[in-house]
Amino acid sequence: MNQFIKIRRDLHKIPELGFQEFKTQRYLLTYLQTLPGGRVEIKPWKTGLFVRVKGTNPAKTIGYRADIDGLPITEETNLPFSSEHEGNMHACGHDFHMSIGLGLLTYVVENPIEDNMVFIFQPAEEGPGGAEPMLKSEEMLEWKPDIILALHIAPEYPVGTVATKPGLLFANTSELFIDLKGRGGHAAYPHLTNDMVVASCSLVTQLQSIVARNVDPLDSAVITVGKITGGTVQNVIAENARIEGTIRTLSPEAMQKVKHRIEAIVKGIETGYECKATIDYGAMYHQVYNDENLAKEFMDFIQTDEEMSLVHCKEAMTGEDFGYMLKEIPGVMFWLGVDSENGLHHSKLLPNEEAIEKAISLLSRYVTYKGKRKN
Ligand SMILES: CC(=O)N[C@@H](CCC[C@H](N)C(=O)O)C(=O)O
């Protein structure tokens with residue numbers, strides 16, 4: 001079996017949530033220690049890592065970022081290397097992102113390129129966000145790349161394809177948590193209570209009108225409520241309810257508008273249901289905006305490549321805190337086809353592992369080309 005497929009499987013067994021990636025960090029460090037020293041330097045950062053591989057004649061530094069956290073999803077793939085961490089799963093492909101990163105890193109150690117490379121193994125992409133604090137860290141200031149690359153697996157594209165575009169690729173995001181507090185009581189005496197189960201259901205329904213009626217139809221937005229909790233038992237009227245969700249927009253202006261409307265609707269719920277509501281926007285991610293020139297150059301490179309095909313894709317409502325890095329460092333993010341019937345964040349996600357070798361090989365060719373002096 002290919003060494004990096006084995007690494008992916010090892011990492012797949014140990015998914016850890018944001019800023020708890022202790023075993024993952026240890027695994028990465030153990031692997032890095034097997035590489036010949038001399039040109040490899042490591043700086044741990046919280047549960048992540050910065051790794052620099054010195055070039056032979058560096059004029060710049062090329063960055064590669066891999067996110068390393070898993071999701072709170074119970075795996076249902078029945079794979080022999082399924083998650084050993086009950087309730088957590090690498091259901092967003094970060095095991096692929098890491099193994100491809102280690103493959104590329106190994107390549108540049110064994111086949112030195114002229115420029116330096118910095119590998120960023122970043123915690124907490126799924127939340128609360130590791131990219132922004134990592135970007136502001138001393139380690140990053142010291143080793144800041146001049147350009148940066150990252151990929152995300154794409155279940156909907158076949159193996160051997162890369163999809164990207166210049167400019168806007170992923171949405172602005174904001175988490176959304178709303179707590180409702182009313183007066184609970186006996187199920188048989190609703191007139192003496194303010195039922196937060198009823199209030200939360202009404203709130204979720206009213207939120208749907210924002211995208212339908214307040215966002216410019218030529219712009220785009222998503223409000224998804226992924227979780228509702230409330231009440232204690234079947235015959236008690238609920239005193240508390242909580243909804244948890246996420247907002248996605250293609251423009252910062254639409255994000256402002258959506259939040260403004262959420263606040264107005266929540267005020268209406270407070271009045272209508274005689275309750276108290278608090279809104280918490282949690283983590284917010286800046287949109288992923290590919291550098292126009294670098295993206296065009298990368299796309300041209302793939303078009304002349306014999307092993308990979310290029311798809312010119314549209315923007316997606318996915319979020320990625322890599323957007324913060326791209327705000328400060330010109331770079332490109334792209335989708336890597338992995339051909340899985342079940343999509344990202346699904347408990348039966350089954351990405352095709354052949355994509356790992358293909359991505360390592362593509363990125364190795366690209367950084368060799370990019371890291372060479374042009375005379
Ligand atoms: C690539 C991907 O799936 N990213 C996540 C990022 C989530 C950010 C945050 N926790 C939120 O839900 O807003 C995504 O769900 O798009």
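Residues numbered from 1 in each chain as written. Predicted model: local features only at pLDDT ≥ 70, side-chain atom pairs only at ≥ 80, totals over all residues.

- For the protein, an unreviewed UniProt entry supplies the name N-acetyldiaminopimelate deacetylase and the organism Priestia filamentosa.
- Under the UniProt heading Function (unreviewed entry), the note attached to the protein is "Catalyzes the conversion of N-acetyl-diaminopimelate to diaminopimelate and acetate." (UniProt positions renumbered as here; feature names shortened; annotations may be inferred.)

1. A few points about the overall build of the protein
And then number 1: Helix and strand counts for the protein come out as 10 helices and 17 strands.
And then number 2: The C-alpha radius of gyration of the protein comes to 23 Å, within 12% of the 21 Å expected for a compact globule of 375 residues.
And then number 3: On the principal axes, the C-alpha backbone points of the protein span a range of 80 × 45 × 40 Å.
And then number 4: Counting across all 375 residues of the protein, residues that qualify as buried make up 43%. (Helix = DSSP H or I, 4+ residues; strand = E, 2+ residues; numbered from the N terminus. Rg over C-alpha atoms; globule rule 2.2 N^0.38 Å. Buried ≥ 20, exposed ≤ 12 C-beta atoms within 10 Å, placed from the backbone.)

2. Considering the UniProt feature "active site" (unreviewed entry) in the protein
And then number 1: Sites flagged by UniProt as "active site" (unreviewed entry) map to Asp67 and Glu126. For the annotated residues, spread through 60 residues, the largest C-alpha to C-alpha distance comes to 8.9 Å, consistent with a single compact locus.
And then number 2: Structurally, Asp67 can be placed in strand β3 (residues 61-67).
And then number 3: Discounting residues that sit within four places of it in the chain, Asp67 has contacts with His94, His97, Gln122 and Glu125.
And then number 4: Tracing the chain through its elements places Glu126 in the loop between β4 (116-122) and α4 (131-135).
And then number 5: Given 21 C-beta atoms within a 10 Å radius, Glu126 is considered buried.
And then number 6: Beyond its immediate chain neighbours, meaning those up to four positions away, Glu126 contacts Gly18, Asp69, Leu71 and Cys92. (Contact = placed C-beta atoms within 7 Å.)

3. Looking at the nonpolar core
In summary, soluble globular proteins display a tendency toward joint burial of nonpolar side chains.
And then number 1: Ranked by size, the top nonpolar core spans 87 residues in total, and within it Leu104, Val258, Met333, Leu336 and Ala359 carry the most contacts.
And then number 2: Counting residues per element, this core draws most heavily on helix α3 (residues 94-110), which supplies eight residues.
And then number 3: If you count residues domain by domain, this core takes at least three from each of domain 1 (3-170 + 287-370) and domain 2 (172-284).
And then number 4: Not counting residues within four places of it along the chain, the set of residues in contact with Ala359 comprises Ile100, Leu151 and Leu336.
And then number 5: Formed by five residues, the second largest nonpolar core is a distinct cluster that contains Leu71, Ala91, Cys92 and Leu349. (Core = buried A, V, L, I, M, F, W, Y, C linked by C-beta atoms within 7 Å. Domains from an automatic or database assignment.)

4. Points about the packing of α3 against helix α10 (residues 354-370)
And then number 1: Across the interface, α3 lies against α10 with an axial gap of 9 Å and an inter-helix angle of 45 degrees. Judged by the inter-axis angle, α3 sits oblique to α10. α10 is crossed by α3, and the crossing has right-handed handedness. Listed contacts from α10 to Phe96, Ser99, Ile100, Gly103, Leu104, Tyr107 and Val108 of α3 are Ile356, Ala359, Ile360, Leu363, Ser364 and Val367.
And then number 2: Residue composition of the contact of α3 with α10, by class: 10 nonpolar, three polar and no charged. (Axes fitted to C-alpha atoms, helices over the stretch in contact; angles between N-to-C directions. Parallel < 35°, antiparallel > 145°, perpendicular 65-115°, else oblique. Left-handed = near helix turned anticlockwise from the far one by under 90°. Nonpolar A, V, L, I, M, F, W, Y, C, P; charged D, E, K, R; others polar.)

5. Description of the site of the ligand
And then number 1: For the ligand, the set of nearby residues contains 13 residues, the closest of which are Gly127, Thr173, Thr246, Thr318 and Gly319.
And then number 2: Its residues assigned to classes, the shell around the ligand comprises four nonpolar, six polar and three charged.
And then number 3: Both domains that furnish three or more residues to the shell around the ligand are identified here as domain 1 (3-170 + 287-370) and domain 2 (172-284). (Near = placed C-beta within 6 Å.)

6. Digging into the domain arrangement of the protein
And then number 1: We note that the domain assignment places domain 1 (3-170 + 287-370) and domain 2 (172-284) within the protein.
And then number 2: Considering only residue class, the side of domain 1 that touches domain 2 consists of three nonpolar, four polar and one charged.

7. Let's talk about the packing of helix α6 (residues 196-213) against helix α7 (residues 252-273)
And then number 1: Closest axis-to-axis distance for the α6/α7 pair is 10 Å, and the angle between their directions is 150 degrees. One way to sum up the angle between α6 and α7 is to call them roughly antiparallel. Both α6 and α7 take part in a crossing whose hand is right-handed. Across the interface between the two elements, Ala199, Ser202, Leu203, Gln206, Leu207 and Ile210 of α6 pack against Val258, Arg261, Ile262, Ile265, Ile269 and Tyr273 of α7.
And then number 2: A breakdown of the residues in the contact of α6 with α7 according to their chemical character gives nine nonpolar, two polar and one charged.

8. What about the UniProt feature "binding site: Mn(2+)" (unreviewed entry) in the protein?
And then number 1: In the numbering adopted here, UniProt assigns the feature "binding site: Mn(2+)" (unreviewed entry) to Cys92, His94, Glu126, His152 and His345. The annotated residues occupy 254 residues of the chain but converge on a single region, no pair of C-alpha atoms lying more than 12.8 Å apart.
And then number 2: If near-sequence neighbours (up to four positions away) are discounted, His152 is found in contact with Gly93, Glu320, Met333, Trp335 and Leu336.
And then number 3: Locating His345 in the fold gives a position in the loop between β17 (331-337) and α10.

9. Overview of α6
And then number 1: Given a rise of 1.5 Å per residue, 18 residues ought to cover 26 Å, and the 25 Å separating the end C-alpha atoms of α6 matches this to within 8%.
And then number 2: Three or more residues of α6 are buried, namely Met196, Ala199, Ser200, Leu203, Leu207 and Ile210. When α6 is viewed along its axis, its buried side chains cluster within an angular range of 90 degrees and face the same direction. The outward face of α6, more than 90 degrees from its buried face, is lined by the exposed residues Thr205, Gln208, Ser209, Ala212 and Arg213.
And then number 3: For α6, the elements touching its buried residues are β8 (172-181), β10 (221-230), β12 (240-249) and α7. (Expected span 1.5 Å × (residues − 1). Arc of directions from axis to C-beta.)

10. Some remarks on the sheet that holds strand β5 (residues 147-154)
And then number 1: Pairing is mixed in the open sheet, where eight strands are placed in the order β1-β2-β4-β3-β5-β17-β6-β16. Where the open sheet ends on each side, the last strands, each with one partner, are β1 (40-45) and β16 (309-312). Put simply, the sheet's adjacent strands are angled 25 degrees from each other on average, direction ignored.
And then number 2: Across the face of the sheet, α3 comes into contact with β1, β2 (48-53), β3, β4 and β5 while running at roughly 150 degrees to β3. (Pairing = 2+ DSSP bridges.)

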